[in-house]
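Residue strings, one per chain:
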Amino acid sequence: MIIIGYPGIGKSSLAGRNNCIDLESSHFWHKGERAANWAIYYCNIANDLSQQGYNVFVSSHGAVQEQLLKSSKEQIVIIYPSLSLKEEWINKLKVRHMITELEKDLKAYDAACQSYDAQIQAMMESSFEKIEIDNMNYSLNKIIWEIQNKNLYNKYKEVKP
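Here is a short report on the structure shown in this document. (Residues numbered from 1 in each chain as written. Predicted model: local features only at pLDDT ≥ 70, side-chain atom pairs only at ≥ 80, totals over all residues. Heavy atoms only, no water.)

### Examining the layout of surface pockets
Where empty space is left becomes clear once a probe the size of a water molecule has been rolled over the atoms. Rules: In this analysis the probe radius is 1.4 Å and the grid spacing 1 Å, with only protein atoms considered; a cavity is a set of points the probe fits into but cannot get out of, a pocket is an open set with protein on both sides within 12 Å along at least five of seven lines, and lining residues have an atom within 4 Å of a point. Grid points are joined across faces, edges and corners, and a volume is the space filled by probe spheres set on the points. Only DSSP runs of H or I covering at least 4 residues are called helices, and only runs of E covering at least 2 are called strands; the numbering of each starts at the N terminus. Classification convention: Asp, Glu, Lys, Arg as charged; Ala, Val, Leu, Ile, Met, Phe, Trp, Tyr, Cys, Pro as nonpolar; all other residues, Gly among them, as polar.
Counted as a void, the largest pocket has a volume near 900 Å³. Forming the boundary of the largest pocket are 42 residues, of which P7, K11, S59, H61 and A108 lie nearest the centre. Among the secondary structure elements, those contributing two or more residues to the lining of the largest pocket are α1 (11-14), α3 (62-71), α4 (86-100) and α5 (103-124). If you tally residues by element for the lining of the largest pocket, the top one is α5, at nine residues. Among the residues making up the lining of the largest pocket, the classes are represented as 15 nonpolar, 16 polar and 11 charged.

Right under this line is the structure:
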């Protein structure tokens, strides 16, 4: 399964547990720029890992979403915070950057400050299966577990005579 996750949902925190991998998009920068076709390679890796049975967290960049729509036959879920969480979510990203001091966390914070509403609205309108986080007291691990168990139930229903 491939999980498109908005910054701050907990992709990195859950990585390494429960068969989850965080496919870090910041590694696709070279000399301060991304190649025009970086999302093709990034999504090829995500698809391959998913086919091997991993739950692969990927970035929510538009280029990634577009490429997955074109190239993936894997189950894809998109997870994002509610529009109503805007102030709390932006503050969460700010605190994360203050703690880590990482450039990627600063970029995520700046992008949310500039276009949170537009980013979330685009995710809400995507054709992927959607999970909206509606409060700050959520468990990403529980969300992933529920998605997996729903899928197991649906597979069992399909097989049952």
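### A few points about the packing of α4 against α5
Quick reminder of the rule: Axis geometry follows a simple rule: fit a line to the C-alpha atoms, using only the stretch in contact for helices, then measure angles between N-to-C directions, giving values from 0 to 180 degrees. If an angle is under 35 degrees, it is roughly parallel; if it is over 145, roughly antiparallel; if it lies from 65 to 115, roughly perpendicular; otherwise it is oblique. Two helices cross in a left-handed way if the nearer one is turned anticlockwise from the farther one by less than a right angle. They cross in a right-handed way if the turn is clockwise. Contacts were defined at the residue level, with two residues in contact if any of their heavy atoms lie within 4.5 Å.
Where α4 meets α5, the closest approach of the two axes is 8 Å, and the angle between their N-to-C directions is 165°. As summarised for this structure, α4 and α5 are arranged roughly antiparallel, according to the angle between their axes. The crossing of α4 and α5 is left-handed. Residues K86, W89, I90, L93, K94, R96, H97 and T100 of α4 lie in contact with α5, whose contacting residues are D105, L106, A108, Y109, A112, C113, Y116 and D117.

### Let's talk about the sheet that holds strand β2 (residues 20-22)
Put simply, the test is: Pairing between strands is defined by DSSP: at least two bridges between the two strands are required.
With respect to topology, five strands assemble into an open sheet ordered β2-β5-β1-β6-β7, the strand pairing being parallel. Two strands close off the open sheet at either side, each with one partner strand: β2 and β7 (129-133). Between one strand axis and the next, the sheet turns through 25° on average, direction left out of account. Across three bridges, strand β1 (residues 2-5) lies against strand β5 (residues 55-58) in parallel orientation. Opposite I3, over in β5, you have F57 as the bridge partner. Here α5 sits on the sheet in contact with β1, β6 (76-81) and β7, set at roughly 150° to β6.

### Side note on the packing of aromatic side chains
Rules: Centres within 6.5 Å make a pair out of two Phe, Tyr or Trp rings, where for Trp the six-membered ring is used; the pair is then stacked when the planes are under 30 degrees apart, edge-to-face when over 60, and tilted otherwise. Type-normalised accessible area, obtained with a 1.4 Å probe on protein chains alone, sets the label of each residue: buried when under 20%, exposed when over 50%, and partly exposed for intermediate values.
All told, the structure shown has three aromatic pairs when counted by the stated rule. Between Y6 and Y116, the aromatic rings sit 5.8 Å apart at their centres with planes inclined by 90°, giving edge-to-face as the arrangement. Remark: Y116 occurs in helix α5 and Y6 occurs in the loop between β1 and α1; sequence separation between them is 110 residues. According to the relative accessible area criterion, Y116 is buried, its value standing at 1%. With a centroid separation of 5.4 Å and 55° between ring planes, the pair formed by W38 and Y42 is classed as tilted. Linking W38 with Y42, this pair stays in helix α2 (residues 38-51), spanning four residues, or about one helical turn.

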